[in-house]
Amino acid sequence: MPSKRAPLPTPTITQADDGSWSLEVPGVATTSGHPAPEWALAKAVEAVRGAATDIVRGWIAGRPVTPVQQEVVLLVTRGDSQVYAWLEAGLADDPKRR
């Protein structure tokens, strides 16, 4: 019986008082201190890729993997453009993004 796909977490992007930008993907990755939202988004793709690698290493080591972690790994295997599209879609309606 196939398992039901877990929804991916919704990313958030915020601007700090110093004008730098941070992007957080709850439970997956965080990146901060970027000069523009686009830089934060680009670094978040890299951070999500790194998180997927850590998830796979943990699974190999025998640690349990959550359904959300499984979805993140599957998304990363589809390529950076898919990760970027997911992050961008999650931020499209984010009122904090300017």
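Up top is the structure.
Here the structure is a predicted model, which means the values were calculated and not measured.

*Asks:* Got a minute to help me understand the pairing of strand β2 (residues 21–25) in this structure?
*Replies:* A regular strand places its side chains so that they alternate between the two faces of the sheet. What you see with β2 is a clean split: W21, L23 and V25 sit on the buried side and S22 and E24 on the side with no burial. Bridging between strand β1 (residues 12–15) and β2 involves four bridges; their strand directions are antiparallel. Among the inter-strand pairings, T12 is bridged to a residue of β2, identified as E24. Linking β1 back to β2 in an antiparallel pair, the connection comprises five residues, with G19 at a positive phi of about 90 degrees. Sheet topology places β2 next to strand β3 (residues 29–34); four bridges connect them, and they run antiparallel. Bridge pairing in β3 links E24 to T30. Two successive antiparallel strands, β2 and β3, enclose a turn made up of three residues, where G27 displays a positive phi of approximately 75 degrees.

Each value, and the rule that gives it
Position numbers for residues count from 1 along each chain, tracking the sequence in the order it is written. Predicted model: local features are reported for residues with pLDDT of at least 70 only, side-chain atom pairs are reported and counted for 80 or more only, and whole-chain, interface and lining totals are derived from all residues. As a convention, hydrogens and water are excluded, and side-chain values are obtained from all of the structure's heavy atoms. Categorising residues by exposure relies on relative accessible area from a 1.4 Å probe, with only protein chains included: less than 20% of the type maximum marks a residue as buried, more than 50% marks it as exposed, and the intermediate range marks it as partly exposed. A run of H or I in DSSP counts as a helix once it spans at least four residues, and a run of E counts as a strand once it spans at least two, with each numbered from the N terminus. Each pair of strands is called paired provided DSSP finds at least two bridges between the two strands.

These results come straight from atomic positions and should not be treated as a statement about function.
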